[in-house]
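# Inside the fold
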Amino acid sequence: MSTHRPLHDGWTLSAVSEDVRITGVPAAVPGCVHTDLLAAGLIEDPYLDDNESRLGWIGRTDWLYRTEFTWTGDEHEHTDLVCAGLDTVATITLNGVKVGGTANQHRSYRFPVRHLLAEGVNTLEVRFASPYGYAEARRAELGERPGAYAEPYQFIRKMACNFGWDWGPTLVTSGIWQPIGLESWSGARLAQVRPLVHGDGRVEVHVVVAGAGTVTAEVAGVTVSAEVAGEGVLRLQVPEPRLWWPRGYGEPYRYDLTVRLGEQVEHRRIGFRDVRLDQTGGAFTIVVNGTPVAVRGVNWIPDDCFPSRLTRERLATRLSQATEANVNLVRVWGGGRYESDDFYDLTDELGLLVWQDFPFACAAYPEEEPFASEVEAEAREQVARLSARPSLVLWCGNNENIEGHADWGWKETLGERSWGAGFYFDLLPKVVAELDPTRPYWPGSPYSGAPDLPPNDPARGTIHIWDVWNREDYTRYAAYRPRFVAEFGFQGPPTHATLREGSSQEPPVGHQKAVDGEQKLLRGLGEHLPQPRDFDDWHYLTQVNQARAVAFGIEHFRAQLPACTGTIVWQLNDCWPVVSWAAVDGGGRRKPLWYALRRVYADRLLTVREGEVVVVNDSPEVWSGELEQRRLTVGGETLAEGRVAVEVPARSTAVVPLLDGPDAGLVAITLGEHRRLHFLAEDPQAGLPVAAYDTRVTAEPGGVAVTVTARTLLRELALFPDRLDPAATVDEQLVTLLPGESVTFHVATERELDPAALIGHPVLRCVNEARP
């Protein structure tokens, strides 16, 4: 028997500093210092203009959270203070007596406090030491370690991107970021439930019991009970279970698992499935229920710098944006955090596979104490917590640290100092093998399958491609023959409405964290698009270029199926209003890249590669029909045409020669309802006509419809209703029309929009519009 009492009310926040005079500010729990100071009007919005740069003092200050609560004695034998998450270096005192200390944001903590509770009013304090102070002290003790940024993030077990990244602000938080409360209990307590679930219907429910008692587990009408003292395993066998499948391969079916100890009840939603990693001949293929999965993935970063602001509804929206773009895997990147239960529950429900990095990224990490013990405790807790999740198909040791050690000059800098190898090649795989043997472990990404191999070798394992964007034109993707691409991407600005949310200037100025980011954006236009004349051109053309660059890479890699078994685009989301690689910006709005992802991640795709049409069929049915090709002038005149019957088996590709003809204009390729327009020259050299078209705006339920009928070819036609209503959305973007064709954009809005503004510059755009 147990009872839980949240302690979320009555908190105040004070700076413990002679230099910072902040005392008794009302504090939200869960929350953090930044959000409390923002709510109190003591700081400006960290996401607006350059406010971030003036808030560094927060991470260099000690902070005290304090609350009072009343306590009345009860019949229980034990009372524990349960802290689901403290960020990060905390000392907890109850009624002036130290209860314990913490130094890891990625762990929960439980402290026995019954002997310290007093009848009546009790005082609970949590003092957070400066994250910078702690990390810099550990660095001084253990010696400098190289990293991607001049910040000490590898010297504290905390979300690394708090210290800034090439897409994120430097906002180093402290606070009680997850629930805190008192749990009272007697006799025995169900301390941990760790189900290991197999595709053949076996469920091994590993339990940890504080004390001893009868534990019962039930799933699908099958019930097992056992007496457990300390640790035990309850084994159930469900006959002929329905399997959990990823998106595009079947239904993500789940069962309710219930585990009881007396009146304590734990619920899990489990899915029967098997997963393995096929590495035959250097491959990197995720196999679910015996079926190889062609991964269409996105990288996930923390969706807000302040996690307490993330609701289940917001996560559901963001993950639905992934599935609506035909994504089937989300990689939880190692510079962030282990995500919330809501996140994994949603991925389980949606059939979204999860690749989970352990939180190590872009730095050499010390393996000495206190980090060795902290990393093991953190890993054991999180692996056990997530063991029941059918969507989680891969544990990965780190992001880019093996590559950094091999290729970024770290060896010379480090000498004999540790850098994390003991974690990635020893500790973490042992923890996974012990606690979660139902899914594979991979030491890092990029990685070629063995420590002595070049880690970023396209012929083996996973690679990250960053010469494109940093140095090379995006057509460089065509030179790669990878087995699996776990990171690649190209920058573009957020939507106009999101730019405005982050800037008070006119025109709005986007945050840019990448080195030489603005120059790379303009250089990236290359010969692909006209050079921008003004802000509005810059905004539209760089968004178009981002979409084209990423689409080019995806199409090239998908055309290599089954040799290349997956792509994971950097990145799905943003945490604030910033110019970045994201498809969904920091305001939650879909950039043109998102619409491009939806097209090139579709089950069926027509693309052109090295003078051939590649028919990609990543669907469970045969794709057959007559493939038609027409060589056209940019004025729409047919120069040559041809047809050929094709039959492409499920989960495979077929190749058809590109129709011969004049090396000018474009080729229109059609198979059933799918069409690809392949231009034979870059837009500025293609001789595109000056755009001419007719428009019609009509009201419809929930918004307006904007119909555009082309009198000439229209290249990358796009509508940006957020310039008129920040909440407005549109169903399609970047549509190319041949003369005589029409498209209708459906705009969802609650406002009455000016029809003239909807069809005018800069709301309605195309590449070949009239230029003064």
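Everything below is about the structure shown above.
Residues numbered from 1 in each chain as written. Predicted model: local features only at pLDDT ≥ 70, side-chain atom pairs only at ≥ 80, totals over all residues. Heavy atoms only, no water.

### Some thoughts on the sheet that holds strand β28 (residues 612-617)
Read across the open sheet, the three strands follow the order β27-β28-β31; overall the sheet is antiparallel. Because the sheet does not close on itself, it has two edges, and the strands there are β27 (604-609) and β31 (652-657). Adjacent strand axes in the sheet meet at a mean angle of 20° when their direction is disregarded. Bridging between β27 and β28 involves six bridges; their strand directions are antiparallel. Looking at β28, one finds that leucine 606 is bridged to valine 615. Relative to β27, helix α12 (residues 535-558) is tilted by about 95°, and along the sheet it contacts β27, β28 and β31. (Pairing = 2+ DSSP bridges. Helix = DSSP H or I, 4+ residues; strand = E, 2+ residues; numbered from the N terminus. Axes fitted to C-alpha atoms, helices over the stretch in contact; angles between N-to-C directions. Contact = heavy atoms within 4.5 Å.)

### Concerning the pairing of β27
Of all the six residues making up β27, six are buried; the element is thus mostly covered by neighbouring parts of the structure. Burial along β27 is two-sided: the face carrying Arg604, Leu606 and Val608 and the face carrying Leu605, Thr607 and Arg609 are both buried. What sits between β27 and β28 in their antiparallel hairpin is a turn of two residues, with glutamate 610 showing a positive phi close to 55°. (Buried < 20%, exposed > 50% of the residue type's maximum accessible area, 1.4 Å probe, protein only.)

### Considering the pairing of strand β5 (residues 78-83)
Of all the six residues making up β5, five are buried; the element is thus mostly covered by neighbouring parts of the structure. For β5 and strand β10 (residues 180-185), the ladder comprises six bridges, and the chain directions are antiparallel. Considered in β10, the bridge of threonine 79 is made with serine 184. Where β5 meets strand β8 (residues 109-112), four bridges bridge the pair, whose relative direction is antiparallel.

### Points about the sheet that holds strand β34 (residues 693-700)
Spatially, four strands are ordered β34-β35-β39-β37 in an open sheet, and the strand pairing comes out antiparallel. On the outer flanks of this sheet lie β34 and β37 (729-730), each paired with one strand and no other. Where β34 meets strand β35 (residues 703-710), eight bridges bridge the pair, whose relative direction is antiparallel. When the bridges of β35 are listed, alanine 699 appears paired with valine 704.

### Notes on the side chain of glutamine 382
Inspection of the secondary structure assignment puts glutamine 382 in helix α5 (residues 371-386). A relative accessible area of 6% places glutamine 382 in the buried class. Beyond its immediate stretch of four places on either side in the chain, glutamine 382 contacts His106, Tyr338 and Trp395.

### Re empty space enclosed by the protein
Taken as a whole, this structure holds five cavities of 30 Å³ or more when the rule is applied. Approximately 90 Å³ is the volume attributed to the largest cavity. As for the largest cavity, its lining consists of Ala294, Val295, Arg296, Phe557, Arg558, Leu561, Cys564, Thr565, Gly566, Thr567, Val616 and Asp618. Taken together, the elements giving at least two residues each to the lining of the largest cavity come down to β19 (295-300), α12 and β26 (566-569). Counted by class, the lining of the largest cavity contains six nonpolar, three polar and three charged residues. (1 Å grid on protein atoms, 1.4 Å probe; cavity = no way out; pocket = protein on both sides within 12 Å on 5 of 7 lines; lining within 4 Å. Points joined across faces, edges and corners; volume = space filled by probe spheres on them. Nonpolar A, V, L, I, M, F, W, Y, C, P; charged D, E, K, R; others polar.)

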